[in-house]
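So the chains spell out like this:
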Amino acid sequence: DQQVKQNSPSLSVQEGRISILNCDYTNSMFDYFLWYKKYPAEGPTFLISISSIKDKNEDGRFTVFLNKSAKHLSLHIVPSQPGDSAVYFCAASDQTGANNLFFGTGTRLTVIP
Amino acid sequence: EADIYQTPRYLVIGTGKKITLECSQTMGHDKMYWYQQDPGMELHLIHYSYGVNSTEKGDLSSESTVSRIRTEHFPLTLESARPSHTSQYLCASSADRGRTQYFGPGTRLTVL
């Protein structure tokens, strides 16, 4: 049973506009959330994270929003650039094990020049 | 960002062969992980380690084994490769008190 879900397999956005990628989770014990960017045949690259004690975290063009009551988080990229085209994975962890990560299936973002 | 390395990057091998996928990190991270990913799917945790001489199985059942004799090294071994093992294998590490995992470039394994 998948605990982290990304329901949009793909998203296309015009260069310069905002990209919004969404993620839902079911496990209320998750307290740390991350976004990774992945190119084909490469490993995921860490982008940004957020702890459950916050509802927003910002790093340059990337902002992550967390809505704990809705068990929903989103990644905003503003402005979107062609180099942002990749697959974006949402991940979540709780404090069990070695803080193992649970991943969504990813959203492929295409930024059109 | 952690420096984490995986070799080989690509491997094509015949059924029944024994293989070892190498993973090393230079950041002194205590925790290390192995994930398996098929195209269009999520990453699945197959093994993890808290530190030297510690190994645990992850959520996805795997026929592979791991060892952790040195902090920086976390190899994964398949004793007898099968076509069902064809996948991308990703190694990651995180600091003892850290929650963020940093990934290597991955090994794309194809078993014929």
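Shown above is the structure to which this text applies.
No experiment lies behind these values; they were computed from the predicted model shown.

1. Considering the overall build of chain B
Right, on to step 1. Counting secondary structure elements, chain B contains zero helices and 11 strands.
Right, on to step 2. In sequence order, chain B lays out its α and β elements as β-β-β-β-β-β-β-β-β-β-β.
Right, on to step 3. Relative to the 2.2 N^0.38 estimate, which gives 13 Å for 112 residues, the radius of gyration of chain B is 13 Å and therefore close to what a compact globule would have.
Right, on to step 4. C-alpha extents for chain B along the principal axes are approximately 40 × 30 × 25 Å.
Right, on to step 5. Burial statistics for chain B: of 112 residues in total, 48% are counted as buried.
Right, on to step 6. A separation of at least 24 residues holds for 54% of the contacts in chain B among residues at least 6 apart in sequence.
Right, on to step 7. If the 11 positive side-chain charges of chain B are averaged to one point and the 12 negative ones to another, these points end up 3 Å apart.

2. A short note on the sheet that holds strand β3 (residues 19-25) of chain B
All names here are of chain B.
Right, on to step 1. Read across the sheet, four strands follow the order β1-β3-β8-β7 without closing on themselves; strand pairing throughout is antiparallel. Among the strands making up the open sheet, the edge pair consists of β1 (4-7) and β7 (65-66).
Right, on to step 2. Two elements, β7 and strand β8 (residues 76-78), share two bridges in a ladder whose sense is antiparallel. If you follow Val66 over to β8, its bridge partner there is Leu76.

3. So, the pattern of salt bridges
All names here are of chain B.
Right, on to step 1. Across all of its chains, the model carries five salt bridges over all chains by this definition.
Right, on to step 2. The residue Glu72 makes a salt bridge to Arg70 at a minimum N-O spacing of 3.0 Å.
Right, on to step 3. On the basis of relative accessibility, which here comes to 33%, the residue Glu72 falls in the partly exposed class.

4. Topic: the side chain of Ser19(A)
Residue and element names in this part refer to chain A.
Right, on to step 1. If you trace the backbone, Ser19 turns up in strand β3 (residues 19-25).
Right, on to step 2. Overall, Ser19 belongs to the buried group, its relative accessible area being 0%.
Right, on to step 3. At a separation of 2.6 Å, a polar atom in the side chain of Ser19 contacts the side chain of Ser80.
Right, on to step 4. Residues within four places of Ser19 in sequence aside, it is in contact with Leu11, Val13, Leu75, His76, Ile77, Ser80 and Leu109.

Cut-offs used in this document
- Residues numbered from 1 in each chain as written.
- Chains lettered and ligands numbered in written order.
- Predicted model: local features only at pLDDT ≥ 70, side-chain atom pairs only at ≥ 80, totals over all residues.
- Heavy atoms only, no water.
- Helix = DSSP H or I, 4+ residues; strand = E, 2+ residues; numbered from the N terminus.
- Rg over C-alpha atoms; globule rule 2.2 N^0.38 Å.
- Buried < 20%, exposed > 50% of the residue type's maximum accessible area, 1.4 Å probe, protein only.
- Contact = heavy atoms within 4.5 Å.
- Lys, Arg positive; Asp, Glu negative; His and termini not counted.
- Charge placed at Lys NZ, Arg CZ, Asp CG, Glu CD.
- Pairing = 2+ DSSP bridges.
- Salt bridge = Lys/Arg side-chain N within 4 Å of Asp/Glu carboxyl O.
- Polar contact = N/O pair within 3.5 Å; in protein donor to acceptor, adjacent residues only side chain to side chain.

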